Amino acid sequence: MLVLPAELTHRHAGATLRMLLQGLKAQDESLVVVDAGALTAFDSSALAVLLECRRAAVFEKRGFVVKALPPALSSLAGLYGVQELLPAL
């Protein structure tokens, strides 16, 4: 399982994405699970990071789900019309 940090804003997006992609490559499970339970401070960059991680998982023909997506981030995903791309576990 991949885990998001407590803060994921534009300032942290690049480093967080690199960490997630490295973790994704190190796993061999058919389902990539990203745990967002620790996430307390975020902006729309968090969506961009999750969507890029999803893209990488799909490219490798793996499933992708997000565990414990904060309600405010889920609402933001709905506002941008990408909520279906970030299925919840």
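For the structure itself, consult the block above.
Each value, and the rule that gives it
Residues numbered from 1 in each chain as written. Predicted model: local features only at pLDDT ≥ 70, side-chain atom pairs only at ≥ 80, totals over all residues. Heavy atoms only, no water. Helix = DSSP H or I, 4+ residues; strand = E, 2+ residues; numbered from the N terminus. Buried < 20%, exposed > 50% of the residue type's maximum accessible area, 1.4 Å probe, protein only. Contact = heavy atoms within 4.5 Å. Expected span 1.5 Å × (residues − 1). Pairing = 2+ DSSP bridges. Axes fitted to C-alpha atoms, helices over the stretch in contact; angles between N-to-C directions. Salt bridge = Lys/Arg side-chain N within 4 Å of Asp/Glu carboxyl O.

## Details of the side chain of Thr9
Reasoning step 1: If you trace the backbone, Thr9 turns up in the loop between β2 (7-8) and α1 (10-26).
Reasoning step 2: The exposure class of Thr9 is buried, given its relative accessible area of 17%.
Reasoning step 3: Setting aside chain neighbours within four positions, we find Thr9 in contact with Ala41, Phe42, Asp43 and Ser45.

## Some thoughts on α1
Reasoning step 1: When the terminal C-alpha atoms of α1 are compared, their 25 Å separation across 17 residues agrees well with the 24 Å that a helix rising 1.5 Å per residue should span.
Reasoning step 2: Taken together, the buried positions of α1 are occupied by Ala13, Thr16, Leu17, Leu20, Gly23 and Leu24.
Reasoning step 3: Residues of α1 that are buried sit in contact with β1 (2-3), β2, β3 (31-35) and α2 (44-59).

## Quick look at unusual backbone geometry
Reasoning step 1: Positive phi outside glycine occurs at Lys61, with the angle close to 60°.
Reasoning step 2: If you check the backbone angles, Ala68 has positive phi at about 60° while not being a glycine.
Reasoning step 3: For Ala68, a relative accessible area of 43% corresponds to the partly exposed category.

## Digging into the sheet that holds β1
Reasoning step 1: The sheet built from 3 strands is open, its strands ordered β1-β3-β5 with parallel pairing. Edge positions in the sheet fall to β1 and β5 (63-67), since each of these pairs with one other strand and no more.
Reasoning step 2: Those strands touched by α2 are β1, β3 and β5, and its axis lies near 150° from that of β5.

## Some points on the pairing of β3
Side-chain positions along a regular strand alternate between the two faces of the sheet.
Reasoning step 1: Of all the 5 residues making up β3, 4 are buried; the element is thus mostly covered by neighbouring parts of the structure.
Reasoning step 2: Here β3 runs beside β5; their pairing, made up of 5 bridges, is parallel. The residue bridging Val34 from the neighbouring strand is Val66, located in β5.

## Points about α2
Think of an α-helix as 3.6 residues a turn; residues three or four steps apart then line up on the same face.
Reasoning step 1: Here α2 spans 23 Å end to end across 16 residues, near enough to the 22 Å set by a 1.5 Å rise per residue.
Reasoning step 2: Taken together, the buried positions of α2 are occupied by Ser45, Ala46, Leu47, Val49, Leu50, Cys53, Ala56 and Ala57.
Reasoning step 3: Looking one or two residues past α2, Lys61 carries a phi angle of roughly 60°, positive in sign.

## Considering the pattern of salt bridges
Reasoning step 1: Counted according to the given criterion, the structure contains 3 salt bridges.
Reasoning step 2: Note that Glu60 and Arg62 form a salt bridge whose closest N and O atoms lie 2.8 Å from each other.
Reasoning step 3: For Arg62, a relative accessible area of 10% translates into the label buried.
Reasoning step 4: Members of the salt-bridge network, linked through shared partners, are Lys25, Glu60 and Arg62.

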